[in-house]
Amino acid sequence: MAKGKRHTATAFVTGGSGGVGKSFTARALAQALGSHGYVTLLVDGNPGQQSQRAFLGVDWSRGIEDVGISGAMASVLRPREVKAAFGFLPGPMAPQDPDLLDRYGDALVRLEGSCDFIIVDSDRLDGTQWDDSDTFAGGLIRPLVEKAGARLVFRVGQSGSQLDDGMAALSAVGLPERTIVAAQCAGGRKPRPDRQWRDMLDGLATYAGTDVWTGESARIVDTGLRGFEPGSEPDWLVRTAVWLGADKSRFRKERKGGLWGRRTR
Ligand SMILES: Nc1ncnc2c1ncn2[C@@H]1O[C@H](COP(=O)(O)OP(=O)(O)OP(=O)(O)O)[C@@H](O)[C@H]1O
Ligand SMILES: [Mg+2]
């Protein structure tokens, strides 16, 4: 690695089904990392949907195509432009572009070394896509995870098809060392015990914990907040950040509240 370059950890947030909170997780994770001092980029890696573009209010005059013209970092919207603790690279202005995978691959490689974390909000995936190099999953995520050290943050629902499809996708990927699962428990349901999750995920992934959807977390989405209040991030999110390489002590509330008095290092 060239001197002065940062080590960049790249994570794709995905899962086996729609609506399990992939985009929420990607944004909340980027916000948590950014607000605790890491230079963090959120990339909208769901070209057909681009829910982050909509959520963050970015118009269609900016897109990943800018990377080829202005350069990678110059194409990233700054934190203050998206009112967040992270920089944002939007998806394509032309989502049908046949060179999309190359554009994404090029952007991710060129951003490497300029930031601490790149969090890519990705679409759901299945085994067929994982084996097909013409898809985002098989042609971009898979080589970056298998050959370039990128990681997967999986959202899996706790019952029905959101569980079955998530488990099937995890089995198809089969990279337990490179995969962490943040389970999702819809509002009003009883969360599945952590012990059960650990058993089910044995040999497939690390278990980060369960995101129990509450009125409070729905409010974060509904009011357009980028994530949790710094220091109040839930355990599943902190564990995910730490698993990706963040320093656990940065997330401790006590430090900010001054419980430790002065910093020892
Ligand atoms: N933490 C949360 N608490 C409560 N509701 C949530 C939470 N996260 C997401 N939701 C609700 O679930 C919906 C889907 O969430 P999100 O867009 O993050 O899922 P997704 O997996 O990215 O979906 P898609 O498959 O469409 O990309 C949101 O619009 C919101 O209404
Ligand atoms: Mg999404």
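Source: prediction; values computed, not measured.

A word on the site of ligand 1. Near ligand 1 you find 14 residues, and of these Lys22, Ser23, Phe24, Gln49 and Ser217 are the closest. Note that an oxygen atom of ligand 1 is positioned 3.0 Å from one of the backbone N or O atoms of Gly21. Burial of ligand 1 by the protein chains amounts to 74% of its free accessible area of 620 Å². Where the shell around ligand 1 is concerned, the elements lending two or more residues are helix H1 (22-35) and helix H9 (215-222). For the shell around ligand 1, the per-class residue count stands at 5 nonpolar, 7 polar and 2 charged.

This part covers the packing of aromatic side chains. Applying the stated rule across the entire model yields 4 aromatic pairs. An angle of 80 degrees between the planes, with centres 6.0 Å apart, marks the rings of Phe24 and Phe228 as edge-to-face. With Phe24 in helix H1 and Phe228 in the loop between H9 and helix H10 (235-243), this residue pair connects regions lying 204 residues apart in the sequence. Like Phe24, the residue Phe228 is buried in the burial classification. With a centroid separation of 6.1 Å and 15 degrees between ring planes, the pair formed by Trp197 and Tyr207 is classed as stacked. Note that Trp197 is positioned in helix H8 (residues 194-201) and Tyr207 in strand S7 (residues 206-212), a separation of 10 residues in sequence. The ring centre of Phe55 lies 3.5 Å from the NZ or CZ of Arg27, which sits over that ring. Of note, Arg151 hangs over the ring of Trp243, and the distance from its end group to the ring centre comes to 4.4 Å.

Right, let's talk about the sheet that holds strand S2 (residues 40-45) for a bit. Spatially, S3-S2-S4-S1-S5-S6-S7 is the arrangement adopted by the 7 strands of the open sheet, whose pairing is parallel. A single partner strand is all that each edge strand has here, and the edge strands are strand S3 (87-89) and S7. Each strand of the sheet is rotated relative to its neighbour by a mean of 20 degrees, with strand direction disregarded. Here strand S1 (residues 9-15) runs beside strand S5 (residues 151-157); their pairing, made up of 5 bridges, is parallel. Each bridged residue has a counterpart across the sheet, and for Thr14 the counterpart in S5 is Phe154. Along the sheet face, helix H7 (residues 160-173) touches S5 and strand S6 (179-185) and points at about 155 degrees away from the line of S5.

As a further point, take the pattern of salt bridges. Under the definition given, this model contains 9 salt bridges. A salt bridge links Arg6 to Asp116, with the shortest nitrogen-to-oxygen separation between them at 3.0 Å. Within this pair, whereas Arg6 is found in the segment before S1, its partner Asp116 is found in the loop between helix H4 (100-111) and strand S4 (117-122), the two being separated by 110 residues in sequence. The class for Arg6 is partly exposed, based on a relative accessible area of 37%. Accessibility expressed as a relative area gives 15% for Asp116, which makes it buried. Between Arg142 and Asp131 there is a salt bridge whose closest N-O contact spans 3.0 Å. One end of the pair, Arg142, is in helix H6 (residues 136-148); the other, Asp131, is in the loop between helix H5 (127-130) and H6, with 11 residues separating them in the sequence. Of the residues examined, Arg142 reaches a relative accessible area of 23% and is grouped as partly exposed. The exposure class assigned to Asp131 is exposed, which follows from its relative accessible area of 60%.

So, on to a positive patch on the surface. Where like charges cluster on the molecular surface, the positive patch consists of Arg198, Arg239, Lys248 and Arg252. Turning to its location among the elements, Arg239 is positioned in helix H10.

The rules we used
- Every chain begins its residue count from 1, and numbering advances along the sequence as written.
- To label them, take the chains in the order written and letter them from A, then take the ligands in the order written and number them from 1.
- In view of the model being predicted, local features appear only for residues whose pLDDT reaches at least 70, and side-chain atom pairs are presented and counted only at 80 or more, with totals across whole chains, interfaces and linings using the full set of residues.
- Computation of side-chain values covers all heavy atoms of the structure but excludes hydrogens and water.
- Near, as used in this document, describes a residue that has one of its heavy atoms within 4 Å of the molecule or strand being considered.
- Two N or O atoms count as a polar contact when they lie within 3.5 Å, although within protein this holds only if one can serve as hydrogen donor and the other as acceptor, and sequence-adjacent residues are included solely when both atoms are side-chain atoms.
- Note that accessible areas follow from Shrake-Rupley with a 1.4 Å probe, and for residues the cover is restricted to the protein chains shown.
- Think of it this way: any DSSP run of H or I at least four residues long counts as a helix, any run of E at least two long counts as a strand, and we number them from the N terminus.
- Classification convention: Asp, Glu, Lys, Arg as charged; Ala, Val, Leu, Ile, Met, Phe, Trp, Tyr, Cys, Pro as nonpolar; all other residues, Gly among them, as polar.
- Note on aromatic pairs: the rings of Phe, Tyr and Trp (six-membered ring only in Trp) are paired at centre separations within 6.5 Å, and the planes decide the class, stacked below 30 degrees, edge-to-face beyond 60, tilted for the rest.
- When a residue's accessible area, from a 1.4 Å probe over protein chains only, is under 20% of the maximum for its type it is buried; when over 50% it is exposed; and in between it is partly exposed.
- Two conditions define a charge located above a ring, namely a distance within 6 Å from the ring centre to NZ of Lys or CZ of Arg, and an angle within 35 degrees of the ring normal.
- A pair of strands is considered paired only if DSSP assigns at least 2 bridges between the two.
- Between N-to-C directions, angles span 0 to 180 degrees; the directions come from axes that are lines fitted to C-alpha atoms, helices contributing only their stretch in contact.
- The contact criterion used is simple: two residues touch if any of their non-hydrogen atoms lie within 4.5 Å.
- Counted as salt bridges are all cases of a side-chain nitrogen of Lys or Arg within 4 Å of a carboxyl oxygen of Asp or Glu.
- The patches reported here contain residues having more than 30% relative accessible area and no salt bridge. Joining distances are 9 Å for like charges and 5 Å for nonpolar side chains (Val, Leu, Ile, Met, Phe, Trp, Tyr).
- By the counting scheme adopted, Arg and Lys are positive, Glu and Asp are negative, and His together with the chain ends is not counted.
- Here the site of a charge means atom NZ of a Lys, CZ of an Arg, CG of an Asp or CD of a Glu.

Read these as layout, nothing more, since geometry by itself doesn't imply function.
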